Amino acid sequence: MKELTFDEIANLVKENNPKTINVCGSPGSGKSTLSIKLSQLLCYKVIDLDDFLYNEKCKRKSKDQDILELRKILTEENIVIDGTYSSTLKYRIDKVDLFIFTKRNVLRSLYRFIKRLFTANKIKCGERLTLKTLTLILNYKKIEADIFKTLIPTNKLVIYKKI
């Protein structure tokens, strides 16, 4: 699978006009930054899954609630979804036109994630440092290969590697 720069991805989305884009990747890999840049370029709305899949006490919602939230989100067009949440991926595959995976070095992702903990004005529920998040960062390459590359059709998947 070819890795694309931001300019190449921008050209791809301008040519193909996907109505729904999902930016996925490891915590700290640059998903939010890429989502914002794409939304500004395309004049699309950014939808951060962290805002929808947690309750007000920062507890993950039930799988049924996740599915209901995703169904609402996926009725919209001209959106960039920021978030991976592999447990809900199968509910997005048919509705998302383009998946973009951010590819980063594990140590860089870990550094960026930890840096955010000290520099962000507000930490979202999905951005808290937990054992689960740390494990996800450290094992993301395996997760990416096992889950995402096998489930998503190659015509809907591109890899973004920041130069």
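Scroll up a little and you will see the structure.
Below you will find a few notes about this structure. (Residues numbered from 1 in each chain as written. Predicted model: local features only at pLDDT ≥ 70, side-chain atom pairs only at ≥ 80, totals over all residues. Heavy atoms only, no water.)

1. Some remarks on empty space enclosed by the protein
This structure, assessed with the given rule, holds one cavity of 30 Å³ or more. Each pocket or cavity is described by its volume, and for the largest cavity that value is around 100 Å³. Lining the largest cavity, in full, are Ser-26, Ser-29, Thr-102, Lys-103, Arg-104, Asn-105, Val-106, Ser-109, Ile-137, Tyr-140, Lys-141 and Glu-144. Elements supplying a minimum of two residues to the lining of the largest cavity: helix 4 (106–119) and helix 6 (140–151). Taken together, the residues of the lining of the largest cavity break down into three nonpolar, five polar and four charged. (1 Å grid on protein atoms, 1.4 Å probe; cavity = no way out; pocket = protein on both sides within 12 Å on 5 of 7 lines; lining within 4 Å. Points joined across faces, edges and corners; volume = space filled by probe spheres on them. Helix = DSSP H or I, 4+ residues; strand = E, 2+ residues; numbered from the N terminus. Nonpolar A, V, L, I, M, F, W, Y, C, P; charged D, E, K, R; others polar.)

2. Here we look at the pattern of salt bridges
By the definition in use, this model includes five salt bridges. In this structure, the salt-bridge partner of Lys-61 is Glu-69, at a minimum N-O distance of 2.9 Å. Lys-72 is the salt-bridge partner of Glu-69, the closest N and O atoms lying 4.0 Å from each other. Here the residue Glu-69 and the residue Lys-72 both occupy positions in helix 3 (residues 63–73), the gap between them amounting to three residues, near one helical turn. (Salt bridge = Lys/Arg side-chain N within 4 Å of Asp/Glu carboxyl O.)

3. Observations regarding the environment of Thr-33
With respect to the secondary-structure elements, Thr-33 resides in helix 2 (residues 31–42). On the basis of relative accessible area, Thr-33 is assigned to the partly exposed category, the value being 44%. (Buried < 20%, exposed > 50% of the residue type's maximum accessible area, 1.4 Å probe, protein only.)

4. Regarding the sheet that holds strand 4 (residues 79–82)
Two pairing modes exist for strands in a sheet, parallel and antiparallel, and in both the strands are linked by backbone hydrogen bonds. Ordered in space as 1-6-5-2-4-3, the six strands form an open sheet in which the pairing is parallel. Looking at the sheet topology across the chains shown, the edges are occupied by strand 1 (3–4) and strand 3 (45–48). Note that strand 2 (residues 20–25) and strand 5 (residues 98–102) share five bridges and pair parallel. Each residue of the ladder has a partner; that of Asn-22, found in strand 5, is Phe-99. (Pairing = 2+ DSSP bridges.)

5. As for the packing of helix 1 (residues 6–16) against helix 2
At their nearest, the axes of helix 1 and helix 2 sit 11 Å apart, and the two run at 45° to each other. Classified by the angle between their axes, helix 1 and helix 2 sit oblique to one another. Along this stretch, helix 1 crosses helix 2, giving a crossing that reads as right-handed. Contact with helix 1, carried on its side by Phe-6, Ile-9, Ala-10, Val-13 and Lys-14, involves Leu-34, Lys-37, Leu-38, Leu-41 and Leu-42 of helix 2 and no other residues of that element. (Axes fitted to C-alpha atoms, helices over the stretch in contact; angles between N-to-C directions. Parallel < 35°, antiparallel > 145°, perpendicular 65-115°, else oblique. Left-handed = near helix turned anticlockwise from the far one by under 90°. Contact = heavy atoms within 4.5 Å.)

6. Describing the layout of surface pockets
A volume near 880 Å³ is recorded for the largest pocket. Taken together, 33 residues make up the lining of the largest pocket; nearest its centre are Pro-27, Lys-31, Asp-50, Gly-126 and Thr-133. Of all the secondary-structure elements, those providing two or more residues to the lining of the largest pocket are helix 2, helix 4, helix 5 (131–138) and helix 6. Element by element, the count of residues in the lining of the largest pocket is highest for helix 4, at six residues. Here the lining of the largest pocket is built from residues that sort into nine nonpolar, 13 polar and eleven charged.

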